[in-house]
Amino acid sequence: MLSNWVMLIEFISCINSYVERLLDRISNGVLAEDRRIAIVELQSVVTESRAAQLAFGAMGFPVLLSILKEERDDVEMVRGALETLLSALNPIEHAKGRKNEIQLALLNSDLLSREVGSISLLLSLLSEEDFYVRYYTLQLLTALLTNSLNRLQEAILTTPRGITRLMDMLMDREVIRNEALLLLTYLTRDAEEIQKILVFEGVFEKIFSIIKEEGGSEGGVVVQDCLELLNNLIRNNASHQVLLRETMGFDPLISILKLKGSTYKFTQQKTINLLSVLETINLLLNGGQEADPGKDSNSLTNKTVLVQKKILDHLLLLGVESQWAPVAVRCVSLRCIGDLVVSHPNNRDALASKVLGEDPQVEPALNSVLRVILRTASMQEFVAADYIFKSFCEKNPDGQTMLASTLIPQPHSINHTPHDEETNMSFGSMLLQGLTWSESEGDLETCCRAASVLSHLLKDNIQCKERVLQLNLEAPMPPLRGPEPLMHRVVKYLALASSMKSKDGKTSSSGYQHAQPIILKLLVIWLADCPSAVQCFLESHPHLTYLLELVSNPTATACIRGLAAVLLGESVIYNKTSDSGKDPFSIVDAIGQKVGLTSYFLKFDEMQKSSVFNTAKLAMPRKSLTRSNAASMAEIEDVDEKETTNQKSEDHPLIELMFDSQFVSFVKGLEVNIREQIVEIYSHPKSQVAVVPAELEQTSGESDGEYMKRLKMFVEKQCREIQDLLSRNASLAEDLVKTGGSGSSQIENRVSGGSERVQLESLRRELQEASQRVEILKVEKAKIESEASNYRNLAVKTESDLKSLSDAYNSLEQVNFQLEREVKSLKSGGATPDLDIEAIKAEAREEAQKESEVELNDLLVCLGQEQSKVEKLSTRLMELGEDVDRLLEGIGDETLPEDDEEED
């Protein structure tokens, strides 16, 4: 083992000496041919040996940089120097190193970038005529950029015409152009200043020129690099987007989306190129940074211009008509359509008027999108297509009404025709067919997707809700049952999803884990602010019973139980009926008896803590497409139901995609209203008396006066008892809402008597108030201790100033004493004129004493003020139980000797 180490050390020593001899031949050699041979040998050994890379990094950079600087005329030497530098910066791949091994490429890159003037020297080589010199220089800069990005960005910015030289390389020969393009792509990722210079130099025109030359979307990786550079320049930058729109326009960009040829073949590179240009469109639709005041106006203008340039036709072709296109391209195209129409009335109208297909098989574009939703096997594609209807219906009551007007029930036989025979069906007929298709097929997936679309049609639109309530569907077996409302059919499918989910007796089952939350979302939106929908829902008594069971179902997820609780709450707050058994008081009583008020409110808290409601955020920005992740993003991964078993969340991954931040905020607002309304009803039950007790009737032989007196006493007694019960009931309900049921249910179960419960709640409130007072006192104590610490520091500083003043006074006394000695010596010499030395000395002493007294008085005033503050703080600390003497211990002890000397 020892011999191996010795051999290794000898080998490294030999390599070091060999590299050193080669460097010496290069720098001090006389014959030009010998120097060229030496640099070739050096390049070869550095390429193959890690030890040689390490040795060269330690001593070789200055030698080769001097060649690049002073021997430009010798092209072979310059080439050899550049190749050697490039070898030193590239890792050796043939040997698999240890994990903790030094990364020599990173080390050498850092050493080279730290050499003074190295980057500017390399940039100057780009103006050389030799092809290989320019090519190796660009490769060397790219290697440096990969390993030392920030330092290289700074060096290029500080080099005169550094960016301009790189821009000139874009018009060079193809190989050099591609290297320069890749280098600029890396440079512009997080360098705003470099982006500005490139845009000012006219890089947009050069980018689109290269894309056109390479063949657009049919081109190779060069097109991908161009689009990545373009995306780096316009990402979150409204001013660059405006410049692109007003100079080049969007026509060159849209032309990349045009599919060429008759076969529409999609290679992996073509897919990546299309995803890159779709990312560019998405950045334009976004408009800029969130904090940018011109973001919204710029986004609106971009949307308007893009639709004017007929981009909807290309996106619909890619996302809807081209079913042979990759799923990733279809999904991104559909999302771009949704972003185009959201909050833009003109674009919504343009989408509504679009027709797809060829005569005679033409249909509205929205019908085609709905067909994608109902038929696609990809969950991601369903979510992307559903986003189009969400964007189309958002704040668009006219569009919602237009779509809802097509909801006309069809005969049962037409509703269940095979998919292949769906010709010339209206939007509403297709949607109703999707809602009822599961009845014959036993598949709730289509019903679930149709329910999601219907929820967008009904959101915040009372007229559409009322209209859809009037729809009555024909029963599957008409002779046995009559027509039933659409809402009742939807509730039946909700119960069917629950039974199919647990048919094997287990909580996790097949593909219906996401059906219940989506159907519940539809019902929550439908009942919101619509008393007619609540009345229709409560017309069937089993609906209320099923909801009460679903809220208490331990096998259901927290999200499902919470949404069922919200649905029950809506049946209370939007309930205007007075029918017995259906009025708000009856529903609240049923909740109290079947679920319990504490447990019911607890369902809201569990829902808010679930992953669906915790992770719901605004639309997350798409991950930028780069060379490193392009292949993985082109192969989109669909939502897999099997993944749910490996996740911490008990909800289906699709639910997190469908429940956006708007719906989550809407549910949270409903929860507040539900709590307040139920507390109000629970505290103030019905005031009407339906039955008069029999003992209040007048007995035979009883006079009217006695009967009235007895009746009055009975009523007064009942009023006192009712008021007492109402006050206690209100107190309990309010405390229950505040605590949310957490931690109190177990205690309340042990308390049987009403008086004990009231006493317990009173003690709990007192304990909470005491805890709050303790927290306040702790905060005040911390604040006072902080002030005391500050004053201690100030006192130490003041004493230090006094010490400095004392030193100055002593120094002045020494100077005075020295002057007296000099005067005496001069007097004894007899060469001085007759001066009043004593008067001068007294005057100087008096001036010094006055200055000292003024400064001492100022300091004494400051000390007096600080002393009063310290006394106040000491009093406050004593009230809080602190030991003041211990806090002040040690202050001023060091300065006592100086004070004694000053008095002397």
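Residues numbered from 1 in each chain as written. Predicted model: local features only at pLDDT ≥ 70, side-chain atom pairs only at ≥ 80, totals over all residues. Heavy atoms only, no water.

Looking up the protein in an unreviewed UniProt entry gives the name Golgin candidate 6 isoform X1, with the organism given as Olea europaea subsp. europaea. According to UniProt, the comment filed for the protein under the heading Subcellular location (unreviewed entry) is "Golgi apparatus". (UniProt positions renumbered as here; feature names shortened; annotations may be inferred.)

1. Description of the overall build of the protein
The helix and strand inventory of the protein stands at 46 helices and 4 strands. Taking all 904 residues of the protein together, the buried fraction comes to 45%. The long-range share in the protein, meaning contacts at least 24 apart out of those at least 6 apart in sequence, stands at 72%. As presented, the protein carries roughly 47700 Å² of accessible surface, and 53% of it is formed by carbon and sulfur atoms. (Helix = DSSP H or I, 4+ residues; strand = E, 2+ residues; numbered from the N terminus. Buried < 20%, exposed > 50% of the residue type's maximum accessible area, 1.4 Å probe, protein only. Contact = heavy atoms within 4.5 Å. Areas by Shrake-Rupley, 256 points an atom, 1.4 Å probe, with all protein chains shown as cover.)

2. Overview of the nonpolar core
Residues L68, L166, L351, L486, M487, W526 and Y600 are the most contacted members of the largest nonpolar core, which totals 220 residues. Contact partners of L486, with chain neighbours within four places excluded, come to L432, L435, L454, V468, L471, L473 and W526. (Core = buried A, V, L, I, M, F, W, Y, C linked by side-chain atoms within 4.5 Å.)

3. What to know about unusual backbone geometry
With the exception of glycine, most residues fall at negative phi, and the peptide bonds are largely trans. The backbone of R161 sits at a positive phi, close to 60 degrees, despite the residue not being glycine. The phi torsion at D529 lies on the positive side, around 60 degrees, for a residue other than glycine. Checked against the element boundaries, D529 lands in the loop between α31 (515–527) and α32 (531–538).

4. What to know about the pattern of salt bridges
For the structure on display, the rule yields 28 salt bridges. Among the salt bridges present, the one from R25 reaches D34, with a minimum N-O distance of 2.9 Å. By relative accessible area, which is 26% here, R25 ends up partly exposed. The class of D34 is partly exposed, set by a relative accessible area of 28%. The partner of E363 in a salt bridge is R371, with the nearest N and O atoms 2.5 Å apart. One continuous salt-bridge network, built from bridges that share partners, spans E33, R36, D74 and E76. (Salt bridge = Lys/Arg side-chain N within 4 Å of Asp/Glu carboxyl O.)

5. Describing the packing of helix α22 (residues 365–375) against helix α23 (residues 379–393)
When two helices pack together, their arrangement is given by the angle between the helix axes and by the axis-to-axis distance. Close contact between α22 and α23 brings their axes to 8 Å; oriented N to C, the two are set at 145 degrees. In this structure, the crossing between α22 and α23 has a hand that is left-handed. Note on element contacts: α23 touches α22 through E381, F382, A385, D386, I388, F389 and F392, opposite L366, V369, L370, V372 and I373. Taken together, the residues that form the contact of α22 with α23 break down as 10 nonpolar, no polar and 2 charged. (Axes fitted to C-alpha atoms, helices over the stretch in contact; angles between N-to-C directions. Left-handed = near helix turned anticlockwise from the far one by under 90°. Nonpolar A, V, L, I, M, F, W, Y, C, P; charged D, E, K, R; others polar.)

6. Brief notes about helix α12 (residues 192–200)
Within α12, burial applies to I194, Q195, L198 and V199. Across the axial projection of α12, the buried residues extend over an arc of 135 degrees, all falling on one side. Each element contacted by the buried residues of α12 is listed here: α9 (149–158), α10 (162–168), α11 (174–187), α13 (203–214), α14 (221–234) and α15 (238–247). Just downstream of α12 lies G202, where phi reads positive at about 85 degrees. (Arc of directions from axis to C-beta.)

7. Some remarks on the packing of aromatic side chains
This model, assessed by the stated rule, comprises 11 aromatic pairs. Relative to Y132, the ring of F131 has its centre 5.2 Å away and its plane inclined at 80 degrees; by these criteria the two rings are edge-to-face. According to the relative accessible area criterion, F131 is buried, its value standing at 16%. Arranged with centres 6.0 Å apart and planes meeting at 5 degrees, the rings of F131 and Y135 form a pair that is stacked. Of this pair, F131 and Y135 both sit in helix α8 (residues 131–147), separated by 4 residues, roughly a single helical turn. Grouping residues by exposure puts F131 and Y135 together as buried. Within the aromatic cluster, the residues linked to one another by ring pairs are F131, Y132, Y135 and Y136. (Phe/Tyr/Trp six-rings, centres within 6.5 Å; stacked < 30°, edge-to-face > 60°.)

8. Some thoughts on helix α6 (residues 104–114)
Listed in full, the buried residues belonging to α6 are L104, A105, N108, S109, L112 and S113. The buried residues of α6 occupy one face: seen down the axis, they fall within an arc of 160 degrees. The elements touched by buried residues of α6 are α3 (50–59), α4 (61–70), α5 (75–89), α7 (118–124), α8 and α9.

9. Let's talk about the pairing of strand β1 (residues 355–358)
Here 4 bridges tie β1 to strand β2 (residues 361–364), and the two strands are oriented antiparallel to one another. The residue of β2 that forms the bridge with E358 is Q361. Linking β1 back to β2 in an antiparallel pair, the connection comprises 2 residues. (Pairing = 2+ DSSP bridges.)

10. Structural notes on the environment of E115
Relative to the helices and strands, E115 is located in the loop between α6 and α7. Given a relative accessible area of 28%, E115 falls into the partly exposed group. In this structure the C-alpha to C-alpha distance between E115 and P62, which are 53 residues apart in sequence, comes to 7.9 Å. Leaving out residues up to four positions away in the same chain, E115 has contacts with F61, P62 and L65.

11. A short note on the state of the cysteines
Covalent bonding between the sulfur atoms of two cysteines is what defines a disulfide. In the structure shown here, the tally under the stated rule is 0 disulfides. The cysteine C393 is free of any disulfide, with C464 supplying the nearest cysteine sulfur at 8.3 Å. In this structure C393 comes out as buried when scored by relative accessible area, which is 4%. C448 forms no disulfide, and the closest cysteine sulfur to it belongs to C447, at a distance of 7.3 Å. (Disulfide = S-S within 2.5 Å.)

12. Remarks on the confidence of the model for the protein
With 79% of its residues at a pLDDT of 70 or more, the protein has an overall mean of 81. A low-confidence stretch, residues 640–648 (pLDDT under 50), is modelled with 13 contacts involving residues beyond four sequence positions or located in other chains. Note on residues 831–835: pLDDT under 50 across the span, and 3 contacts to partners over four residues away in sequence or across chains. (pLDDT = per-residue confidence, 0-100.)

13. Overview of the side chain of T185
Looking at the secondary structure, you find T185 in helix α11. Other than its neighbours up to four places away in sequence, T185 contacts D225, E228, L229 and N232.

14. As for the environment of F250
Among the structural elements, F250 can be located in the loop between α15 and α16 (251–256). Those residues in contact with F250 that lie beyond four places of it in its chain are L244, R245, L284, N302, V305 and L306.

15. Observations regarding the packing of α23 against helix α28 (residues 445–458)
Where α23 contacts α28, the two axes come as close as 8 Å, and the packing angle between them is 20 degrees. Considering the angle they form, α23 stands roughly parallel to α28. Our pair here, α23 against α28, has a crossing hand that is right-handed. Every residue of α28 that contacts α23 at M379, F382, D386, F389, K390 and C393 is listed here: E445, R449, S452, V453, H456 and L457. (Parallel < 35°, antiparallel > 145°, perpendicular 65-115°, else oblique.)

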